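Understanding the architecture of this molecule
Spelled out from the first residue to the last, the chains are:
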6 protein chains.
Amino acid sequence: MAKIMWINPVGTDIFDKPILNMLNDVKQPCTQVEVVSLKKGPLHLDYRYYEALVVPDILNIIKSAEKQGYDAAIIGCFYDLGLKEAREIAEKMIITAPAEACMHIAATMGHRFSIITGREKNIPQMMDNVVLSGMKDKLASFKPLGLGVHDYHKDENMVVQRLKEKAKEAVEKDGAEVVVLGCTIQFGFFKELQEYVGVPVIDAVLAPFKYAEFLVELKDRFGWLHSKKNAFEAPPASEITAWNL
Amino acid sequence: MAKIMWINPVGTDIFDKPILNMLNDVKQPCTQVEVVSLKKGPLHLDYRYYEALVVPDILNIIKSAEKQGYDAAIIGCFYDLGLKEAREIAEKMIITAPAEACMHIAATMGHRFSIITGREKNIPQMMDNVVLSGMKDKLASFKPLGLGVHDYHKDENMVVQRLKEKAKEAVEKDGAEVVVLGCTIQFGFFKELQEYVGVPVIDAVLAPFKYAEFLVELKDRFGWLHSKKNAFEAPPASEITAWNL
Amino acid sequence: MAKIMWINPVGTDIFDKPILNMLNDVKQPCTQVEVVSLKKGPLHLDYRYYEALVVPDILNIIKSAEKQGYDAAIIGCFYDLGLKEAREIAEKMIITAPAEACMHIAATMGHRFSIITGREKNIPQMMDNVVLSGMKDKLASFKPLGLGVHDYHKDENMVVQRLKEKAKEAVEKDGAEVVVLGCTIQFGFFKELQEYVGVPVIDAVLAPFKYAEFLVELKDRFGWLHSKKNAFEAPPASEITAWNL
Amino acid sequence: MAKIMWINPVGTDIFDKPILNMLNDVKQPCTQVEVVSLKKGPLHLDYRYYEALVVPDILNIIKSAEKQGYDAAIIGCFYDLGLKEAREIAEKMIITAPAEACMHIAATMGHRFSIITGREKNIPQMMDNVVLSGMKDKLASFKPLGLGVHDYHKDENMVVQRLKEKAKEAVEKDGAEVVVLGCTIQFGFFKELQEYVGVPVIDAVLAPFKYAEFLVELKDRFGWLHSKKNAFEAPPASEITAWNL
Amino acid sequence: MAKIMWINPVGTDIFDKPILNMLNDVKQPCTQVEVVSLKKGPLHLDYRYYEALVVPDILNIIKSAEKQGYDAAIIGCFYDLGLKEAREIAEKMIITAPAEACMHIAATMGHRFSIITGREKNIPQMMDNVVLSGMKDKLASFKPLGLGVHDYHKDENMVVQRLKEKAKEAVEKDGAEVVVLGCTIQFGFFKELQEYVGVPVIDAVLAPFKYAEFLVELKDRFGWLHSKKNAFEAPPASEITAWNL
Amino acid sequence: MAKIMWINPVGTDIFDKPILNMLNDVKQPCTQVEVVSLKKGPLHLDYRYYEALVVPDILNIIKSAEKQGYDAAIIGCFYDLGLKEAREIAEKMIITAPAEACMHIAATMGHRFSIITGREKNIPQMMDNVVLSGMKDKLASFKPLGLGVHDYHKDENMVVQRLKEKAKEAVEKDGAEVVVLGCTIQFGFFKELQEYVGVPVIDAVLAPFKYAEFLVELKDRFGWLHSKKNAFEAPPASEITAWNL
């Protein structure tokens, strides 16, 4: 059995229920899912400043999840904030996040992919992630929608229209063979969009969740875990205690 | 239920049984596995010439697997030969292969990985795959063993010693945080090696098999399949018929 | 004297005569040219599947050409399919192909070049070749014509118009200083196009043919041949015999 | 007059005095320097987890420094943690950090440079910074000393010996033309080392401090500030208030 | 005190006075500035041929400047011609140039920048500099104005209009967060342009001048000079004498 | 008939005779060869300063060669100095140089090559050429001999021993499949070395000479010349006259 925690790293629980429902709909029979969010904090993470504020809370949640026996945690934001930090402190737990999972899947599905973002502001930080993941030559384009995180489910018809327009441009003009939804809150749209554009449209909630189930299985069967050498070497418990961290 | 075919793309069935046993040991309950090899052909694929000879046979196997209702096929050689060709002709089937699967997993497990190959001869072609997959900056080193494909299970003690030596060098000198076994016939060694070097050692049979199960689930649940736009666009049936291919 | 074989790797001989004529017109006095095609097989190679089917035939032709004393073979398709495989099995013979030859020449003629392809489908595979050859930063753009291989000589006026339009765009908008014709069957157009756009237009038949003559001279005078170390190491004759390949 | 704040982003003030003295020794006449550290927190930042814990504190210090009229802040750790976050929230203030400053200077001083780090653990994160800064081809090597942050000033003779050994290796074996000290707490050694190896040795305290003075002058004279478009766009004050951040 | 020489490497002194005035307006109190140009030579440097003709003169000026006790020389053309040559022969003097200085500053100011050039002709050589400096991924675009060096101050209103148009395009379409003026003779426009586009506009005269002052201070205080190992190793005086160079 | 000029861009004619003899031995029947050197100037070009001094002379020679009806000029130094400048001013003439020619040939002969240089000093500038030519991933290593240009033919036995040692290291340790002699004055050794290491050894005199013959034929038959768009656009004759250049 895989116990998986989805973390909405924002100070609101309004996305918890819909995401929990989505995950319960698609989980493997033996997977047990929990969705949590932060008690307080910014309501979206478009700014690095907001991210910096929530990363310590994310890491605390992950530490306590590990104590409670969780097998995996997903940091539910396409910036993949705190991913490497969390892998450092996780002893036996799998940590993943949307951009990593979506890009791995997209790279398997086609030669190049485009990422639909909310705003132009998102592009530099996402590009850093693309570059560090080695996927730069597989990126056809970023396609900003001009929408904020909280706009996606107010007027869903308008959002669908705009998604269709940008996805079509990506495929027809930019040479994308796969479309990645570059925000977890763009959930609920991938199927309609996929039918419309005729290429795989990777959803930023479903992809990392399934990737987490996959990685948990690798961990349980083969002991494949985030390497504790160098990049994800854990801080010594003695220091953490001594310094009251 | 996932029907998955493992193809040993060589003209010998001596590896079929051990690989089938391995896969049956680790498969998900509903997965059904078959392992096939070629009726005739080279007994290993260290040369591009040998690969060229077997690719048409691999593609024929895949076409008939698709007709028989298989969900996925794995081309069981770390050169990933025929992978893109097979994705072109597959209509609904997932195709994967060892290098792709191992590199995706290794990139998730650490900052850099080394690939243990049989011979120096393997490096240029494998490097081409590394480069095209975007993983060049994640590669710490290739570590050739000086062994041929058919040497791995003759004197297993010697092989284990050599693997340990090369894996240790990779981790201690080259900065690898993960070790990838760069030949499917290096099967059976990953656990001992993993305990010895203390970092994840990715097995070239288990990794693509689990990756195939994962991709089949994505296909079944979300319709995420190899994009049929551009790179994997299928040749028209009319041409195939007209030209008697 | 240089004996050079041009291989049209398709199951039709309709291009053999015009290409033979072209080559005889431009060959050095001592060069002897033959053009061959396949007895059966696909009539074009837009798909990797078609390529996989013909590579074994290409390699057989090359092996027998070597026995007949040929100095060089040119694999006449801009995908350069089978090029590395052929270099593996060639003992003393030069092997070249259009993309390699055109890109080397174009890189010498200007800072950046554009490649005019038939269809968008061609781009991902050609891009792989561009990347592996190191020419990615020298590529200004791909310019797909929206034409199939067998369209080039049906309505040549239309083709010339479309070539002019794409070549002009490449030069004026994309910053190309050289234009490469990215299909051997775009033969016959380079001169008119070159006059029209005012930059060198590299023909995909003439370029590899002249490159082959050049390489044969290097071989004869200096013994410079495809290195038999690693990448092009030949499969052992003993294996080929033992396995009936 | 330039008011510049050096932040030692650790929960100890033991480095404040020596760094303040160093900076006062080398500042321009009109510069006013303050050195601050954190009230609590980890005593070094070798782990991303520790960094995550202190970034919010760094950002608070920077916000209040801006209110107090500081012209610049330097985040005093070679990981450059929080640099981009701080540039987002700074309205008129310059923010810089050691790796950025040292690499710019080193790139001006020679063709390639090596970075002397404390531990191998530091390399992956520092390499991410090198890659994102565009300096990967200018990096000759990382040279880990096998020392922790608090080891540098216990037995300084031993440290000098080890620094000399690694710096010499960098210059003689790795082709470095410049040496960068990859930890702010390696202060006090650059001059002796520079004389010993005969190439510039860039100090990780002095370099970003002088770079800050330089950038403040650019700001005051020409209004050149971190661009508030995209990457460093500031979060809206209204959100910060509404969400009590 | 810093003695800095600005070299206008062209055979006309018409730019000397305005540039001297600009530099005197912005220099640090103790800096002493001289602006020189060539006695004869081309009136602009759009062509590599013209550059080749003036580099020996530039190097002679620099050698004699060093004898006269100058601390730094700036080679005042955005091609940075002769920069590496000059660093070779300089013994104690700092040498810098516009492209280097502007790109370092621009990279600190934002994620990506665009360079406004005079003509398309300028792009290939400038791109070589961008690539060699490691800044390729930070370059959003080149924006040629379609103007020659001597057009900038004939009809300044027209020039301002064109600069505004290109800078706006860079920021709004190409994703630039910073604009770099890619010709020293585009002086006098940066402030108006900066206000208009709302992002930093880096001037190609002011940037290298301030960078020179900064580097001189590093030299004087810390002995950081262009490394004399490998790239900037000086030719032996004995050879220069023996060969009458 | 092809008239080709080899330029030894140094102030000594001691290499003219042996190179002329070499070229006459290997030229095509209709090729006519001349070898020239400079009346005065440095006796080798290990320093960029020396290069800067001779480039104007090289360009003058090329201009007058063009007037005398030469078809091609080869700038005979592995730094390829003045190559782009010369292509700018050449109207109808082919210009080539050793590094370009050797790297194109080496890239065709194997997966990776090593370059044997005289001194470490040569590496940074040669690396710039490697990077700009797109060949960085094809470079296995530089192998400096620790010899100056005038050492190659004093004690040839010693030189051969050292070449063999470095070439063997390149092939056996660095993974080179081809060896490039990175100095024109390493002439006379390639055959013995090639036999010794068993891989192609590309000579820096023969390679560009044959490449020039090849390019002249392309020019004569197809009109393929250095593009006069952008990078090699020629300076206007009117300016050259008006400015007395």
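Residues numbered from 1 in each chain as written. Chains lettered and ligands numbered in written order. Predicted model: local features only at pLDDT ≥ 70, side-chain atom pairs only at ≥ 80, totals over all residues.

Turning our attention to the overall build of chain A. When you go through chain A residue by residue, the secondary structure sums to nine helices and eight strands. Over its C-alpha atoms chain A spans a radius of gyration of 18 Å, differing by no more than 12% from the 18 Å that the globule rule assigns to 245 residues. With respect to the principal axes defined by its C-alpha atoms, chain A has extents near 55 × 40 × 35 Å. Here chain A holds 245 residues, and 62% of them are scored as buried. Within chain A, counting contacts between residues at least 6 apart in sequence, those at least 24 apart form 72% of the total. (Helix = DSSP H or I, 4+ residues; strand = E, 2+ residues; numbered from the N terminus. Rg over C-alpha atoms; globule rule 2.2 N^0.38 Å. Buried ≥ 20, exposed ≤ 12 C-beta atoms within 10 Å, placed from the backbone. Contact = placed C-beta atoms within 7 Å.)

Notably, A:Asp80 is not glycine yet its phi reads approximately 55°, a positive angle. We note that C:Asn230 has phi near 60°; this positive angle belongs to a residue other than glycine. Inspection of the secondary structure puts C:Asn230 in the loop between helix H8 (206-222) and helix H9 (237-242).

The transformation that overlays chain A on chain B combines an axial shift of 0.0 Å with a rotation of 180°, and the residual RMSD is 0.0 Å. When the rotation and shift are considered jointly, the pair of chain copies conforms to a two-fold rotation axis. When C-alpha distances to the rotation axis are compared across chain A, the minimum falls at A:Gly134, with a value of 2.3 Å. (Least-squares fit on C-alpha atoms with pLDDT ≥ 70 in both.)

Many analyses report the size of an interface as the accessible area lost when the parts associate. Residues and elements named next belong to chain A. Each domain of chain A was delimited in the assignment, giving domain 1 (2-97 + 206-242) and domain 2 (99-202). Once you take the C-alpha centre of each, domain 1 and domain 2 turn out to be 22 Å apart. Contacts between the two partners involve 19 residues from domain 1 and, on the opposite side, 19 residues from domain 2. Listing elements by their share of the side of domain 1 that touches domain 2, those giving two or more residues are helix H1 (16-26) and helix H8 (206-222). (Domains from an automatic or database assignment.)

Between chain B and chain E there is no contact, and the shortest C-alpha to C-alpha separation is 16 Å. One thing to see here is that chain A and chain F don't touch, and their nearest C-alpha atoms sit 16 Å from each other.

Below, the discussion takes up the sheet that holds strand S8 (residues 201-202) of chain A. Residues and elements named next belong to chain A. In space, the four strands of this open sheet follow the order S6-S5-S7-S8, with parallel pairing throughout. Only two strands of the sheet have a single neighbouring strand rather than two, namely strand S6 (139-144) and S8. Examined bridge by bridge, strand S5 (residues 113-117) and S6 share five bridges and lie parallel to one another. Each residue of the ladder has a partner; that of Phe113, found in S6, is Leu139. (Pairing = 2+ DSSP bridges.)

This paragraph deals with the interface of chain A and chain B. With 36 residues of chain A at the interface, the matching set in chain B holds 36 residues. When residues of the side of chain A that touches chain B are traced back to their parent elements, those giving at least two are helix H4 (98-109) and H8 of chain A. Across the side of chain A that touches chain B, the residue classes break down as 18 nonpolar, ten polar and eight charged. (Nonpolar A, V, L, I, M, F, W, Y, C, P; charged D, E, K, R; others polar.)

Turning our attention to the sheet that holds strand S8 (residues 201-202) of chain C. Residues and elements named next belong to chain C. Taken together, four strands build an open sheet; the order of strands is S6-S5-S7-S8 and the sheet is parallel. Pairing within the sheet leaves two strands with one partner each, and these edge strands are strand S6 (139-144) and S8. Across the sheet, helix H4 (residues 98-109) lies against strand S5 (113-117), strand S7 (178-181) and S8, angled at about 170° from S7, the strand it touches most. (Axes fitted to C-alpha atoms, helices over the stretch in contact; angles between N-to-C directions.)

Below, the discussion takes up the packing of helix H5 (residues 122-132) of chain E against helix H5 (residues 122-132) of chain F. With their axes 11 Å apart at the nearest point, H5(E) and H5(F) run at an angle of 115° to one another. On the basis of the axis angle, H5(E) is roughly perpendicular to H5(F). H5(E) and H5(F) meet at a crossing whose hand is right-handed. Of the residues in H5(F), those in contact with E:Asp128, E:Val131 and E:Leu132 of H5(E) are F:Asp128, F:Val131 and F:Leu132. Of the residues that constitute the contact of H5(E) with H5(F), the class distribution is four nonpolar, no polar and two charged. (Parallel < 35°, antiparallel > 145°, perpendicular 65-115°, else oblique. Left-handed = near helix turned anticlockwise from the far one by under 90°.)

Take the environment of D:Gln125 next. Residues and elements named next belong to chain D. Mapping Gln125 onto the fold places it in helix H5 (residues 122-133). Residue Gln125 is classed as buried on the basis of its 24 C-beta neighbours within 10 Å. Distance from Gln125 to Cys102, taken between C-alpha atoms, is 16 Å for residues 23 residues apart in sequence. Among all residues touching Gln125, those that are not within four sequence positions of it are Arg48 and Tyr79.

Our next topic: the confidence of the model for chain A. Model confidence for chain A is summarised by a mean pLDDT of 97, while 100% of its residues fall at 70 or above. Our summary of model confidence lists the complex with pTM equal to 0.98 and ipTM equal to 0.97. (pLDDT = per-residue confidence, 0-100.)

Looking now at the environment of B:Tyr70. Residue and element names in this part refer to chain B. Within the element layout of this structure, Tyr70 appears in the loop between helix H2 (48-67) and strand S3 (72-75). Each C-alpha atom, one on Tyr70 and one on Lys39, is 20 Å from the other, the two residues being 31 residues apart in sequence. In contact with Tyr70, not counting residues within four places along its chain, are Lys3, Ile4, Met5, Ala65 and Met93.

All names here are of chain A. Here strand S2 (residues 31-37) shows one buried face, formed by Thr31, Val33, Val35 and Ser37, and one open face, formed by Gln32, Glu34 and Val36. Relative to S2, strand S1 (residues 2-8) runs parallel, the two sharing seven bridges. Bridge assignment links Ile4 to a residue of S2, and that residue is Val33.

This part is about helix H4 (residues 98-109) of chain D. Residue and element names in this part refer to chain D. An ideal rise of 1.5 Å per residue puts 16 Å on twelve residues; H4 measures up with 16 Å between its terminal C-alpha atoms. The element H4 is largely enclosed, with a buried count of twelve among its twelve residues. The set of residues buried in H4 consists of Pro98, Ala99, Glu100, Ala101, Cys102, Met103, His104, Ile105, Ala106, Ala107, Thr108 and Met109. (Expected span 1.5 Å × (residues − 1).)

For the rest of this paragraph, the subject is the packing of helix H6 (residues 156-172) of chain E against helix H7 (residues 190-197) of chain E. Residues and elements named next belong to chain E. As a packed pair, H6 and H7 sit with axes 10 Å apart at the nearest point and diverge in direction by 40°. Relative to H7, H6 is oriented oblique. The crossing of H6 and H7 is right-handed. When H6 is examined against H7, the residues Val160, Leu163, Lys164, Ala167, Lys168 and Val171 are found in contact with a partner set consisting of Glu192, Leu193, Tyr196 and Val197. Grouping the constituent residues of the contact of H6 with H7 by class yields seven nonpolar, no polar and three charged.

Residue and element names in this part refer to chain C. Here Val180 is to be found in strand S7. Judged by C-beta crowding, with 30 C-beta atoms within 10 Å, Val180 ranks as buried. C-alpha separation for the pair Val180 and Ile202, spaced 22 residues apart in sequence, amounts to 4.7 Å. Sequence-distant contacts of Val180, that is, excluding residues within four places in its chain, are made with Cys102, Ala106, Phe113, Ser114, Ile115 and Ile202.

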